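Each chain, written out:
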Amino acid sequence: MRTADVPADPYQTRMPRFNSETPKPPHRHKLFMRYIVTGGAGFIGSNLADTLAQHHDVVIIDNLATGRRENIEHLLDHPRVNFIEGSITDLDLLMEVFPGADGIFHQAAIASVPRSVKDPIETNTVNAAGTVNVLWAAKECGVPSVVAASTSAIYGDDPAFPKRETMAPTPLSPYAVSKLAGEYYGKVFADLYGIRTAFLRYFNVFGPRQDPNSEYAAVIPKFITRLLGGKPPIIYGDGEQTRDFIFVADVVRANVMAMESDASGVYNIAGGRRISLNELATTLSGIIGISERPIYEPPRPGDVRDSLADIARAEGAFCFSPTYTLEEGLRDTVAWFKGGR
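No experiment lies behind these values; they were computed from the predicted model shown.

Visitor: Quick question: what am I supposed to make of the packing of helix H4 (residues 120–141) against helix H5 (residues 174–193) here?
Guide: Two quantities define a packed helix pair, namely the angle between the axes and the distance from one axis to the other. Taken N-terminus to C-terminus, the directions of H4 and H5 make an angle of 15 degrees; their axes are 9 Å apart at the nearest point. By the angle between their directions, the pair H4 and H5 is classed as roughly parallel. Judged by the twist between their axes, the crossing of H4 over H5 is right-handed. The residues of H5 that touch H4, namely those facing Pro 120, Thr 123, Asn 124, Asn 127, Ala 128, Thr 131, Val 132, Leu 135, Trp 136 and Lys 139, are Pro 174, Tyr 175, Ser 178, Lys 179, Ala 181, Gly 182, Tyr 185, Gly 186, Phe 189 and Tyr 193. When the residues that make up the contact of H4 with H5 are grouped by side-chain class, the tally is 11 nonpolar, 7 polar and 2 charged.

This is the structure we're talking about:
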């Protein structure tokens, strides 16, 4: 199942894997809205735009620095989609585009720990100052709600597991600091100006359209492309570090559900289980049918050792729980890399 082919109703794709003890009322669709997706040509943003375009008018803003036109090529002639090539660092542009919007899905960012270590100034300009621009333009243009992408990197290497939103932040990289600043700005704008802001702390998102070619690419697309090319995966460290992965279709659902609720504050969005990179490499080798022993290289500065989320707050606020198992998501992702690109 390719992510772009997710059924129109994001709540009916699958039954959640985790059930709350207390039944929740169903979500109601807010039909014929006008939504803005910043970073809408990126990995997560383009998958989100696909789902939104099935129900709503969608404006995609992306400067194509890391986003790719090919991710949204199929949407460019869509009668309810408008693509604007531009940056969230351009406040004047946002002030022109935001009037009349019912909500902003803020996905634009420099989403790389290693890149932030090399260039903290640019990371801060885009992630922190850019988020202020989005919030200010929303406030000035009368947009009531902003649902924004944040990150589990905010938790750093706090040894307590699982990670809960009440834990004190311990960022280890400029990337994590910049995203934390965005969260704080979101709370201040909510308190001062009455904009509803929900920041979703993504853990390790993977799936179709994730770029494997960047120097800073995430682990799963790099593992897949190397294995499909008959090369061993590269692991930075001993491979016993753990990650909490979540399939992109579930992240899209979380964004839509948060927007269509009254949720505000910060929320973990994750699969709710962790796996070591050694086990991940073995699992992918089995799915692809290629056995290659990983190459181990020194750990990278700023990388978090272990990651595991408590997602109870998101479940309580907007009924979110993941619908894909890790292996299901990996199989769909491998299939896309093999032939669906």
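Visitor: I'm lost on the sheet that holds strand S4 (residues 103–106) in this one. Help?
Guide: A sheet is described by the order of its strands in space; here 7 strands give the open sequence S3-S2-S1-S4-S5-S6-S11, paired in parallel fashion. Looking at strand neighbours, the two that pair on one side only are strand S3 (81–85) and strand S11 (265–269), the edges of this open sheet. For this sheet the average axis-to-axis angle between neighbouring strands, irrespective of direction, equals 20 degrees. Of the strand pairs in this sheet, S4 and strand S5 (residues 145–151) are connected by 3 bridges, and their pairing is parallel. When the bridges of S5 are listed, His 106 appears paired with Ala 148. Packing against the sheet, H4 makes contact with strand S1 (34–38), S4, S5 and strand S6 (196–202), and its axis sits at approximately 175 degrees to S4. Here helix H7 (residues 248–259) sits on the sheet and contacts S1, S4, S5, S6 and S11; the angle it forms with S6, its principal contact strand, is near 165 degrees.

Visitor: Help me out: how do you make sense of the pairing of S6 in this one?
Guide: Look at any regular strand and the pattern is simple: side chains alternate between the two faces of the sheet. Along S6, 7 of the 7 residues are buried, which leaves the element largely enclosed by surrounding structure. Neither face of S6 is left uncovered, since the one carrying Arg 196, Ala 198, Leu 200 and Tyr 202 and the one carrying Thr 197, Phe 199 and Arg 201 both have all their residues buried. Here S5 runs beside S6; their pairing, made up of 7 bridges, is parallel. Bridge assignment links Ser 145 to a residue of S6, and that residue is Arg 196. The parallel pair S5 and S6 is bridged by H5, and the resulting crossover is right-handed.

Reading guide: rules and limits
Residues numbered from 1 in each chain as written. Predicted model: local features only at pLDDT ≥ 70, side-chain atom pairs only at ≥ 80, totals over all residues. Heavy atoms only, no water. Axes fitted to C-alpha atoms, helices over the stretch in contact; angles between N-to-C directions. Helix = DSSP H or I, 4+ residues; strand = E, 2+ residues; numbered from the N terminus. Parallel < 35°, antiparallel > 145°, perpendicular 65-115°, else oblique. Left-handed = near helix turned anticlockwise from the far one by under 90°. Contact = heavy atoms within 4.5 Å. Nonpolar A, V, L, I, M, F, W, Y, C, P; charged D, E, K, R; others polar. Pairing = 2+ DSSP bridges. Buried < 20%, exposed > 50% of the residue type's maximum accessible area, 1.4 Å probe, protein only. Right-handed = clockwise from strand over helix to strand, strands pointing away.

Take it as geometry only, folks, not as evidence of what the structure does.
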